[in-house]
Amino acid sequence: MRRPDRLLHLLLAALVLAGCASAPAPRAAGTPHHTSPIAQRSINAAQALLERGDAAGALVEAELAVKSDSRSAQARVMRGTALEALGRGLEAGDDYKQALRLSPASGPVLNAYGAWLCRAGRTDEALKAFSDAVADEAYRQPTQALANAGSCASEAGRDEQAEFNFRAALTLAPQQAQALSGMARLEHRRGDALKARAFLQRREAVAPLTAPELALAIEIETAAGDARAAARYRNQLATLAAEVEASSPPSDTGSSKQ
């Protein structure tokens, strides 16, 4: 990373917690542990299974990854992710905490831990973790932690802090989808339909809108008084819902959810 970019990166890390008093955690010294090739294969397999909606299969692969490399923070994060997908959030938290103990300065680990903290309603701790994630010089996706910080603050009703983080993410990556969607939601909540529409149109230019974003688009266009645009988004949402239903495997009425 060029020096000017690095300075901006560090400045953003220092400001993620704008309005909070806690200081960044001290950085751990030492050579980071590299995940073994065997564990990495299981991690990759778990990720692929999660993307296909097979959380149970992903957990099996994640368990293999942890078993083959107990020092891998990445394996612990993957197991935590699979556990959360199965609705086992408390167990997932144990894995995220263990990953943090194994690699306390890792941006990806801190980002995953922060996301779990946010889902648990521990907003201040989550924002602290996101701030520390951005401060990791080796982290290749600081904009993801910034966008997550924005979403977490927004869900807690901290609109100014949310906007700061979303805009910080967009400063580094103008097409960051989560930050664009987050800003659209913020502006809609403030009652500014035109600004909300502008951010969502930028988001739509990046990739097709998700179901929650299509629902937001319907609300925005309805508030803006554009019935035709709202109807277009309703049609897109209905089409997406039909596609999801068609691709879903038949439910097993004899099985129980965890």
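Up top is the structure these notes are about.
Worth saying up front: this structure is predicted, and the values here are computed from it rather than measured. (Residues numbered from 1 in each chain as written. Predicted model: local features only at pLDDT ≥ 70, side-chain atom pairs only at ≥ 80, totals over all residues. Heavy atoms only, no water.)

> Whenever I open this one, the overall build of the chain confuses me. Can you help?
A tally of helices and strands in the chain yields 13 helices and zero strands. Secondary structure elements in the chain, listed N-terminal to C-terminal, are α-α-α-α-α-α-α-α-α-α-α-α-α. Classification of the 258 residues of the chain by burial places 41% in the buried group. In the chain, of all internal contacts separated by at least 6 residues, the share reaching a separation of at least 24 is 54%. Total accessible area computed for the chain in this model is approximately 14000 Å², and 54% of it derives from carbon and sulfur atoms. (Helix = DSSP H or I, 4+ residues; strand = E, 2+ residues; numbered from the N terminus. Buried < 20%, exposed > 50% of the residue type's maximum accessible area, 1.4 Å probe, protein only. Contact = heavy atoms within 4.5 Å. Areas by Shrake-Rupley, 256 points an atom, 1.4 Å probe, with all protein chains shown as cover.)

> When you look at the packing of aromatic side chains in this model, what are you seeing that I'm missing?
One pass over the full model with this rule turns up two aromatic pairs. Taking 6.4 Å as the distance between ring centres and 50 degrees as the angle between the ring planes, the aromatic pair formed by tyrosine 96 and tryptophan 116 counts as tilted. Of this pair, tyrosine 96 sits in helix α5 (residues 89–102) while tryptophan 116 sits in helix α6 (residues 107–119); the two residues are 20 residues apart in sequence, bridging distant segments of the chain. With respect to class, tyrosine 96 is no different from tryptophan 116; both count as buried. Relative to tryptophan 116, the ring of tyrosine 113 has its centre 6.1 Å away and its plane inclined at 20 degrees; by these criteria the two rings are stacked. Of the two residues, tyrosine 113 and tryptophan 116 both sit in helix α6, three residues apart, roughly one turn of that helix. (Phe/Tyr/Trp six-rings, centres within 6.5 Å; stacked < 30°, edge-to-face > 60°.)

> Whenever I open this one, the state of the cysteines confuses me. Can you help?
Defined simply, a disulfide is a covalent bond joining two cysteines at their sulfur atoms. Throughout the structure, instances matching the rule amount to one disulfide. Each sulfur in the disulfide pair cysteine 118 and cysteine 152 lies 2.3 Å from the other. The S-S bond linking cysteine 118 to cysteine 152 shows a torsion near 115 degrees; that makes this disulfide right-handed. In this pair, cysteine 118 sits in helix α6 while cysteine 152 sits in helix α8 (residues 142–155), placing the two residues 34 residues apart along the sequence. Taken individually, cysteine 118 and cysteine 152 each receive the classification buried, so the pair is uniform in this respect. (Disulfide = S-S within 2.5 Å.)

> Sorry if this is basic, but what is going on with the pattern of salt bridges here?
When the charged atoms of two side chains lie near each other, side chains of opposite charge can form a pair. Enumeration according to the criterion identifies 15 salt bridges in this entry. Linking glutamate 163 and arginine 190 is a salt bridge whose minimum nitrogen-to-oxygen distance equals 2.7 Å. Here arginine 190 lies in the loop between α10 (177–189) and α11 (193–206) and glutamate 163 lies in helix α9 (residues 159–172), a separation of 27 residues in the sequence. You can call glutamate 163 buried: its relative accessible area is 19%. Accessibility expressed as a relative area gives 37% for arginine 190, which makes it partly exposed. Connected via shared salt-bridge partners are Glu63, Arg76, Arg79 and Asp95. (Salt bridge = Lys/Arg side-chain N within 4 Å of Asp/Glu carboxyl O.)

> Is there a simple way to explain the nonpolar core in this structure?
Across soluble globular proteins, nonpolar side chains show a tendency to be buried alongside one another. Ranked by size, the top nonpolar core spans 62 residues in total, and within it Tyr96, Tyr113, Phe130 and Leu200 carry the most contacts. Residue contributions to this core peak at eight residues, all from α6. Apart from residues no more than four positions distant in its own chain, tyrosine 113 is found in contact with Tyr96, Lys97, Leu100, Arg122 and Ala129. (Core = buried A, V, L, I, M, F, W, Y, C linked by side-chain atoms within 4.5 Å.)

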